[in-house]
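Single-letter residue listing:
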Amino acid sequence: MRLGALEAGGTKMVCAIGNENGEILERVSIPTETPEITMPKLIAYFLDKEIEALGIGCFGPIDLNRNSDTYGYITTTPKLAWLNYDIVGAFKAALKVPVGFDTDVNGSALGEATWGITKGLENSMYITIGTGVGAGIISNGKLLHGMLHPEGGHLLLSRHPKDSFEGACPYHKNCLEGMAAGPAIEARWGMKGAQLADRKEVWELEAYYIAQALVDYIMILSPQRIILGGGVMHQEHLIPLVREEVTRQLGGYIKTKELEDMEHYIVLPSLNDNQGIMGALKLAVDEYQLEKIG
Ligand code: ADP
Ligand code: ZN
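The present account deals with the structure reproduced in this document. For clarity, every value in this text was computed on a predicted model and none was experimentally measured. Residue positions are given per chain, counting from 1 as you read along its sequence in written order. Lettering of chains starts at A and numbering of ligands starts at 1, both following the order in which they are written. Local features in this predicted model are restricted to residues of pLDDT 70 or higher, and side-chain atom pairs are both shown and tallied only at a pLDDT of 80 or more, whereas totals for entire chains, interfaces and linings draw on every residue. Hydrogens and waters are ignored; side-chain quantities use all the structure's heavy atoms.

A few words on the site of ligand 1. A cutoff of 4 Å decides nearness: a residue is near a molecule or strand if any of its heavy atoms lies inside that distance of it. Lining the immediate environment of ligand 1, one finds Gly-130, Thr-131, Gly-182, Pro-183, Gly-193, Ala-194, Trp-203, Gly-230, Gly-231, Val-232, His-234 and Gln-235. At 2.6 Å, a side-chain N or O of Thr-131 approaches an oxygen atom of ligand 1. For this analysis, a polar contact is any N or O atom pair within 3.5 Å, provided that within protein one partner can donate a hydrogen and the other can accept it, and provided that sequence-adjacent residues contribute only side-chain to side-chain pairs. Within the contact set of ligand 1, an oxygen atom lies 2.8 Å away from a backbone nitrogen or oxygen of Gly-231. Coverage of ligand 1 by the protein chains reaches 62% of its 560 Å² of free accessible surface. Gly falls in the polar group here, along with every residue not listed as nonpolar (Ala, Val, Leu, Ile, Met, Phe, Trp, Tyr, Cys, Pro) or charged (Asp, Glu, Lys, Arg). The class makeup of the residues in the shell around ligand 1 is four nonpolar, eight polar and no charged. Accessible surface is estimated by sampling points in the Shrake-Rupley manner with a 1.4 Å probe; for residues, cover comes only from the protein chains shown.

Listed below in structure tokens is the structure:
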């Protein structure tokens, strides 16, 4: 099968052609401007590629409720040009193929669960810690949706007693994104994360906040493995600190073989930064099967 995949991000749109085995045959990257400028370029890319379905992993918030009048829309996004934009409708009208649609981070979770490090697990999570924080959840073998989609990046956290930073989230201040995303690190320490590599206290505090969120995810979702991706996780010494801190904060309450083997429980992505676009291929396959086969 020839399939289209789109990783729709706030700064760039990665378009690819691939197949149902997750193989990527070609790809391009197009800057994200307004829908008027960007959509014709995206449509032109896919139009003559003879794809049988398209999958989109999209920045949000987006409407994933198939019973809603605005299913397939980008909804209340701060990227105002795309506010209330019917992205699925626009592609369906132009390409006349099934269009699978989910959040960008659900796409990454799905890519890893289909072809990567969480393959074969019924319950897993993919958390990206970058400019923002997002969490994609696979529960009982399916992406978790709900009334909207989970917003696991905005879990409220307790401030560390020695941290006077107020928090950078405009909605909650001290949520995970507000305390631990790249811009929060920069606002707290006055420098970008990449320049703070040798400051131990920076990464201990970072691990403290990430671990709090992970403990809450573990308690409520019972994932069998958790993947941590995004730019901030490029700090190689961070993941061992997160593992230690999760063990400490769990306080020995849950005893499983997975938690005894933290190195294989909290892990980095495994698909060379292709997890998002490969996940979009899987969204295309699944939508094709749903629409054409039932
Ligand atoms: P985005 O979230 O915009 O898709 P990234 O996942 O690359 O992109 O995240 C970008 C954020 O990650 C920035 O805030 C940046 O400062 C931070 N970042 C990137 N590389 C590093 C690094 N090596 N160490 C710490 N922080 C980093
Ligand atoms: Zn928040």
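Now, onward.
Judged by nonpolar contacts, the single largest core of 41 residues is most densely connected at Ile-127, Ile-210, Leu-214, Leu-228, Val-242, Val-246 and Ile-266. Secondary structure counts use DSSP, requiring at least four H or I residues in a row for a helix and at least two E residues in a row for a strand, with both numbered from the N terminus. Listed by contribution, the elements that provide at least two residues to this core are β8 (124-129), β9 (133-139), α4 (176-180), α5 (182-189), α6 (200-221), β11 (225-229), α7 (238-250) and α9 (262-265). Broken down by element, the residue count for this core peaks at 13 residues, all from α6. Remark: nonpolar core denotes a set of buried residues (Ala, Val, Leu, Ile, Met, Phe, Trp, Tyr, Cys) joined through side-chain atoms within 4.5 Å. Exposure is judged per residue with a 1.4 Å probe applied to protein chains only, and the accessible area is read against the type maximum: over 50% gives exposed, under 20% gives buried, and values in between give partly exposed.

Turning our attention to the coordination of the zinc ion (ligand 2). The donor definition counts N, O and S atoms within 2.8 Å of each metal and applies 3.2 Å to Na, K and Ca; water is not among these atoms, so some sites may look incomplete. Each protein donor to the zinc ion (ligand 2) is listed here as His-154 (ND1), Cys-169 (SG), His-172 (ND1) and Cys-175 (SG); together their distances run 2.1 to 2.4 Å. Taken in chain order, the donor set of the zinc ion (ligand 2) reads H-x14-C-x2-H-x2-C. You can see His-154 sitting in the loop between β10 (142-143) and α4 and its partner Cys-175 sitting in the loop between β10 and α4, a full 21 residues away along the chain. The class of His-154 is partly exposed, set by a relative accessible area of 22%.

Attention shifts here to the pairing of β11. Counting buried positions along β11 gives four out of five residues, so the element sits mostly inside the fold. In this structure, β8 lies alongside β11, joined through five bridges in parallel fashion. The residue of β11 that forms the bridge with Thr-128 is Gly-229. Two strands make a pair as long as DSSP finds a minimum of two bridges between them. Relative to strand β12 (residues 266-267), β11 runs parallel, the two sharing two bridges. The residue bridging Ile-226 from the neighbouring strand is Ile-266, located in β12.

Don't take any of this as a statement about function, it's just geometry.
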